[in-house]
Amino acid sequence: MPVPLLDRWTGLLRRCQEGPGPFPDPRPYGENLLARWAEPQRRYHTTGHLAAVLDRIDELAGHCADPDAVRLAAWFHDAVYRPDRSENEERSARLAELALPEAGVSPDRTAETARLVRLTVTHDPAPGDTNGEVLCDADLAVLAGPPEQYAAYAAAVREEYAFVPDEEFREGRAEVLRSLLGLERLFRTPGGERWEPTARHNMATELSLLTG
């Protein structure tokens with residue numbers, strides 16, 4: 001059976017608590033994060049997305065230098081999410097910078113977690129940034145789903161932006177897709193490279209539907 005998300009968080013934070021104890025109980029931090037991921041304005045950026053990203057990180061973990069920093073970044077990367085605002089990643093990173101030291105995580109790992117959260121603005125890690133490569137590949141893996149799953153993802157994104165008029169949404173969404181398609185590579189890890197053709201096909205199809 002899948003491990004409940006709160007249990008996954010508890011095990012992760014306990015592994016990352018360093019220095020002289022006693023350390024705070026991980027569960028209240030996890031409960032706060034899960035409450036954020038369950039906010040009513042979310043349709044795609046939900047606990048389902050969080051679980052999927054964590055599963056992909058587990059698949060790709062052998063590629064990166066600090067898998068647990070990447071997992072922490074997954075928990076925080078959309079912890080602050082308001083579709084009508086543009087600074088979600090920055091606010092999520094600041095939340096990590098506030099919460100993790102209090103929870104017993106070292107300054108270095110806290111800084112790495114926050115850096116990774118900010119990287120999800122562009123999903124374009126520098127060459128050799130293995131932690132960034134794993135997080136970005138895991139976050140973008142949804143783009144490589146079967147057609148029906150990709151359609152459900154695209155529909156959920158539209159629902160999150162229901163307050164945006166159709167024409168304005170089409171223009172904004174098309175810009176996002178063009179930006180991703182303009183990357184030399186969407187996926188940087190050896191495990192994620194196999195997702196590239198399907199993801200590009202899915203996005204090109206959506207872009208054609210939006211602009212056709």
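Look up a bit, the structure's there.
Definitions and limits used
Residues numbered from 1 in each chain as written. Predicted model: local features only at pLDDT ≥ 70, side-chain atom pairs only at ≥ 80, totals over all residues. Heavy atoms only, no water. Phe/Tyr/Trp six-rings, centres within 6.5 Å; stacked < 30°, edge-to-face > 60°. Helix = DSSP H or I, 4+ residues; strand = E, 2+ residues; numbered from the N terminus. Buried < 20%, exposed > 50% of the residue type's maximum accessible area, 1.4 Å probe, protein only. Expected span 1.5 Å × (residues − 1). Arc of directions from axis to C-beta. Contact = heavy atoms within 4.5 Å. 1 Å grid on protein atoms, 1.4 Å probe; cavity = no way out; pocket = protein on both sides within 12 Å on 5 of 7 lines; lining within 4 Å. Points joined across faces, edges and corners; volume = space filled by probe spheres on them. Nonpolar A, V, L, I, M, F, W, Y, C, P; charged D, E, K, R; others polar. Core = buried A, V, L, I, M, F, W, Y, C linked by side-chain atoms within 4.5 Å.

Trainee: In this structure, what is going on with the packing of aromatic side chains? I would like to understand it.
Mentor: Both the distance between ring centres and the angle between the ring planes are used here to describe each pair of aromatic rings. Scanning the model with the defined rule gives seven aromatic pairs in all. Measuring from ring centre to ring centre gives 5.2 Å for Trp9 and Trp75, while their planes differ by 65°; the resulting arrangement is edge-to-face. Of this pair, Trp9 sits in helix α1 (residues 5–16) while Trp75 sits in helix α4 (residues 67–76), placing them 66 residues apart in sequence. Of the two residues examined, Trp9 and Trp75, each falls in the buried class.

Trainee: Even after reading the chapter, I still don't get helix α10 (residues 196–211), so can you show me in this structure?
Mentor: What sets the pattern is the α-helix's 3.6 residues per turn: residues three or four places apart point alike. Between its terminal C-alpha atoms α10 stretches 22 Å, which fits the 22 Å expected from 16 residues at 1.5 Å a residue. Residues Glu196, Ala199, Asn202, Met203, Glu206, Leu207 and Leu210 constitute the buried set of α10. Take α10 and look down its axis: the buried residues cluster within an arc of 135°, on one side only. Summarising the geometry of α10, the exposed residues directed more than 90 degrees from the buried face are Pro197, His201 and Leu209. Residues of α10 that are buried make contact with α8 (147–160) and α9 (166–181).

Trainee: Hey, could you run me through the layout of surface pockets in this one?
Mentor: If you roll a probe as big as a water molecule over the atoms, it shows you where there is empty space left. Its boundaries defined by the atoms lining it, the largest pocket holds a volume of some 1100 Å³. Every element with two or more residues in the lining of the largest pocket is listed here: α5 (88–103), α7 (130–140), α8 and α9. No other element matches the eight residues that α9 contributes to the lining of the largest pocket. When grouped by side-chain class, the residues that make up the lining of the largest pocket number 17 nonpolar, 10 polar and seven charged.

Trainee: Would you mind going over unusual backbone geometry with me for this structure?
Mentor: Excluding glycine, residues mostly have negative phi values, and the peptide bonds linking residues are mostly trans. Omega for the bond connecting Gly21 with Pro22 falls within 30 degrees of zero, at 0°, which places this linkage in the cis form. By secondary structure assignment, the location of Pro22 is in the loop between α1 and α2 (26–37). Positive phi values are uncommon outside glycine, yet His123 reaches one of about 55°. Along the chain, His123 falls in the loop between α6 (107–119) and α7.

Trainee: When you look at the nonpolar core in this model, what are you seeing that I'm missing?
Mentor: Considering soluble globular proteins, one finds that nonpolar side chains tend to be buried as a cluster. With 63 residues, the main nonpolar core has Trp9, Ile57, Trp75, Phe76 and Leu143 as its most contacted residues. When near neighbours in sequence (up to four residues on either side) are disregarded, Phe76 contacts Trp9, Leu33, Ser92, Leu95, Ala96, Ala99, Leu100 and Val117.

Trainee: Help me out: how do you make sense of α7 in this one?
Mentor: Summarising burial for α7: 10 of the 11 residues are buried, a large majority. Those residues of α7 that fall on the buried side of the exposure criterion are Asn131, Gly132, Glu133, Val134, Leu135, Cys136, Asp137, Ala138, Asp139 and Leu140.

Trainee: Please clarify how the environment of Ser86 should be interpreted in this entry.
Mentor: Following the sequence through the fold, Ser86 ends up in the loop between α4 and α5. Its relative accessible area of 69% is what places Ser86 among the exposed residues. Sequence separation between Ser86 and Val121 is 35 residues, and the spatial gap between their C-alpha atoms is 9.7 Å.

Function cannot be inferred from these measures alone, as they are strictly geometric.
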